[in-house]
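Observations on chain architecture
Below are the chains, spelled out letter by letter.
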Amino acid sequence: MTTPFHHEPGSATGPVPPPQCPAHGMGIGPGGLRRLYGPEAEADPAGLYEKLRAEHGTVAPVLMHGDVPAWLVLGHSENLHMTRTPSQFSRDSRRWRALQEGSVAPDHPLAPVFTWQPVCSFAEGATHERLRGAVTDSMARIDTRGVRRHINRYSNRLVNDFCQEGRAELVSQFAERLPMMVMCAIIGMPEEYNDRLVQAARDMTRGSETAVASNAYVIGALDRLVQRRREAPAEDFATWLVEHPAALTDKEVSEHLRVVLIVAYETTTNLIANVLRMVLTDPRFRARLSGGHMTVPEAVEQTLWDEPPFTSVLGRWAVGDTELGGQQIKAGDALIVGIAPANTDPVVRPDLTASMEGNRAHMAFSSGPHECPGQDIGRAIADVGVDALLMRLPDLELSVGEDELRWTGNFVSRHLVDLPAHFAPSPEQEIDAEPLPAVSRSRSQADWEVSSPATSRRGTALPAAQVPAGEQHTAPGAGAVIPAQRSGPGKIWQAVVRWWSGH
């Protein structure tokens, strides 16, 4: 069986240049394979995907950091098959032939992404069911309405920090901070929230020289949390994992907390930044949103198609020799879930300008048994956060030309560096000083997606008198003055019906 990977790191073709070597800035590597890293790939990832699609079809041989070979899956149906068939394409990175042969070092820049850990995202079969069950059961205990109040409170607190100045940098002052504030509250370590944690969370998935150290910093904070919760349980996600009948070890708990924290944080930060960029740079997008023709949740969903938080994810290894997209895949080969290219696959999306409103067939949260379990948390943070910001500052305008916006990142995700904006200065919003509700569920199953109106379990709109108190859009306490979320009743009702129907 043949393979295009004639080059292997450290093979007879010659040594691999060090990371700072100018050769790493070139888009073509050994064997004529295209690199998924470096200036060319980062400057125009969409263009790179189209070149690969034209040259190789739906599955393309590529080079990752250090010129390590892998397969990038570009086709939508091919990605679905790969993610839904663990018997052929496993999540267990220990199957990677490059790791077994020692050609990928433990301190590789992407080590935090591919290094095997005792977590459900690297497990299969019964082990996956046990670990994943602990995560999903614990998430089911989250009071979704209470968390939405946390999001609203934190959003307004962040806006208060810059609303009187008439200008803000929306990535560093809002998009990067809100998800970490919310996730620290959910997990149970609000005291750990600081700038260092935010920076470490952003750094550890970028393939940087400091990614390993950033990963160690985050793990240290989570290890301390697990120890505290063993000694003093509380009503938070960490405690629920510690106490779950699956009997997770301390290592398993801390590693799962890391996965939940980092994935939810990274995806949501990018999602918020991308939604706000669309609002500030696309007049039609903004007009539909402000005119009530599109709700914030629908704007979020459109963005998940156009600019997904993760562009691709290294995360499948061939169990045996097989074929995918016409390519011969060898046992132990690494495969990359091509999220962004799958979302632009011409077979499923021939017109990229067409609205994808109401369509959740995108690959933004992967698919199959390892589909992101916390995706609704991310959606809620983006929905409520963006809505609160736009309610407070409806005249937001971009302070630079769209062509001046800068991006950075690697093949895993593409980060908007900054999003400077200006607006008419406004007074700080009064924030209720009463404690926010706990994140634990104190009522029957609620819906992450519901903004207004509330619905019964049969999908029928409830009369206003029957809407639960938790749906009122003010924080507890008589002094609260927090803006309600905007809603277009007809559109939101349609969204609820679509969600209930599984679309």
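This section reports on the structure supplied with the text. Predicted model, so just to flag it, every value in this text is computed and none were measured.

A probe as big as a water molecule, rolled over the atoms, marks out the empty space that is left. A complete count under the given rule lists six cavities of 30 Å³ or more for this structure. In this structure, the largest cavity encloses a volume near 770 Å³. For the largest cavity, the lining is made up of 35 residues, of which Arg-91, Ser-121, Val-259, Val-263 and Phe-310 are closest to its centre. Counting only elements with at least two residues in the lining of the largest cavity, the list comes to α5 (111-114), α6 (125-140), α13 (250-281) and β6 (313-318). In terms of residue count, the dominant contributor to the lining of the largest cavity is α13 (eight residues).

Each packed pair of helices is defined by two parameters, the angle between the axes and the distance between the axes. Between helix α15 (residues 296-306) and helix α17 (residues 375-392), the shortest axis-to-axis distance is 9 Å and the interhelical angle comes to 120 degrees. Between α15 and α17, the angle falls in the class oblique. The crossing of α15 and α17 is right-handed. Residue-level contacts link Val-296, Pro-297, Val-300, Glu-301 and Leu-304 of α15 to Arg-379, Ala-382, Asp-383, Val-386 and Asp-387 of α17. Looking at the contact of α15 with α17, its residues break down into six nonpolar, no polar and four charged.

Let's shift gears to the layout of surface pockets. Considered as a void within the structure, the largest pocket measures approximately 760 Å³ in volume. Within the residue set of the lining of the largest pocket, elements represented by two or more residues are α2 (45-56), α13, α14 (283-290) and α15. In terms of residue count, the dominant contributor to the lining of the largest pocket is α2 (four residues).

Applying the stated criterion across every chain, the model contains three aromatic pairs. Both rings, one in Trp-96 and one in Trp-317, keep their centres 6.0 Å apart while their planes meet at 45 degrees; by these two values the pair is tilted. Residue Trp-96 is found in the loop between β4 (89-90) and α4 (97-100), and its partner Trp-317 is found in strand β6; the two are separated by 221 residues along the sequence. Overall, Trp-96 belongs to the buried group, its relative accessible area being 2%. Among the aromatic residues, those joined into a cluster by ring pairs are Trp-96, Phe-114 and Trp-317. Over the face of the ring belonging to Trp-116 we find Arg-94, whose NZ or CZ atom lies 4.0 Å from the ring centre. The ring of Tyr-217 has Arg-196 sitting right over it, with the charged end atom 4.4 Å from the ring centre.

Further remarks concern the packing of α13 against α14. One can describe the packing of α13 onto α14 by two numbers: an axis separation of 5 Å at closest approach and a directional angle of 100 degrees. Between α13 and α14, the angle is such that the two are roughly perpendicular. Here α13 contributes Val-275, Met-278, Val-279, Leu-280 and Thr-281 to the contact with α14, which in turn contributes Pro-283, Phe-285, Arg-286 and Leu-289. For the contact of α13 with α14, the residue count by class is seven nonpolar, one polar and one charged.

On to the sheet that holds β6. Taken together, six strands build an open sheet; the order of strands is β1-β2-β3-β9-β6-β4 and the sheet is mixed. Edge strands, defined here as strands with exactly one partner in the open sheet, are β1 (34-35) and β4. Here two bridges tie β4 to β6, and the two strands are oriented antiparallel to one another. The residue bridging Phe-89 from the neighbouring strand is Ala-318, located in β6.

Phi at Ala-247 takes a positive value of approximately 55 degrees, unusual for a residue other than glycine. Considering the arrangement of structural elements, one finds Ala-247 in the loop between α12 (237-243) and α13.

On to α6. In this model, α6 (16 residues) spans 22 Å end to end at C-alpha, consistent with the 22 Å of a helix rising 1.5 Å per residue. Those residues of α6 that sit buried are His-128, Leu-131, Arg-132, Gly-133, Ala-134, Val-135, Ser-138 and Met-139. Along its buried surface, α6 packs onto α12, α13 and α17.

With that settled, consider the sheet that holds strand β5 (residues 167-169). Spatial strand order, β5-β13-β10: three strands in an open sheet with antiparallel pairing. The open sheet has two free edges, formed respectively by β5 and β10 (397-398), since each of these has just one partner strand. Across three bridges, β5 lies against strand β13 (residues 420-422) in antiparallel orientation. Its bridge partner being in β13, Glu-169 is matched across the sheet by Pro-420.

Cut-offs and rules
Residues numbered from 1 in each chain as written. Predicted model: local features only at pLDDT ≥ 70, side-chain atom pairs only at ≥ 80, totals over all residues. Heavy atoms only, no water. 1 Å grid on protein atoms, 1.4 Å probe; cavity = no way out; pocket = protein on both sides within 12 Å on 5 of 7 lines; lining within 4 Å. Points joined across faces, edges and corners; volume = space filled by probe spheres on them. Helix = DSSP H or I, 4+ residues; strand = E, 2+ residues; numbered from the N terminus. Axes fitted to C-alpha atoms, helices over the stretch in contact; angles between N-to-C directions. Parallel < 35°, antiparallel > 145°, perpendicular 65-115°, else oblique. Left-handed = near helix turned anticlockwise from the far one by under 90°. Contact = heavy atoms within 4.5 Å. Nonpolar A, V, L, I, M, F, W, Y, C, P; charged D, E, K, R; others polar. Phe/Tyr/Trp six-rings, centres within 6.5 Å; stacked < 30°, edge-to-face > 60°. Buried < 20%, exposed > 50% of the residue type's maximum accessible area, 1.4 Å probe, protein only. Lys NZ or Arg CZ within 6 Å of the ring centre and 35° of its normal. Pairing = 2+ DSSP bridges. Expected span 1.5 Å × (residues − 1).

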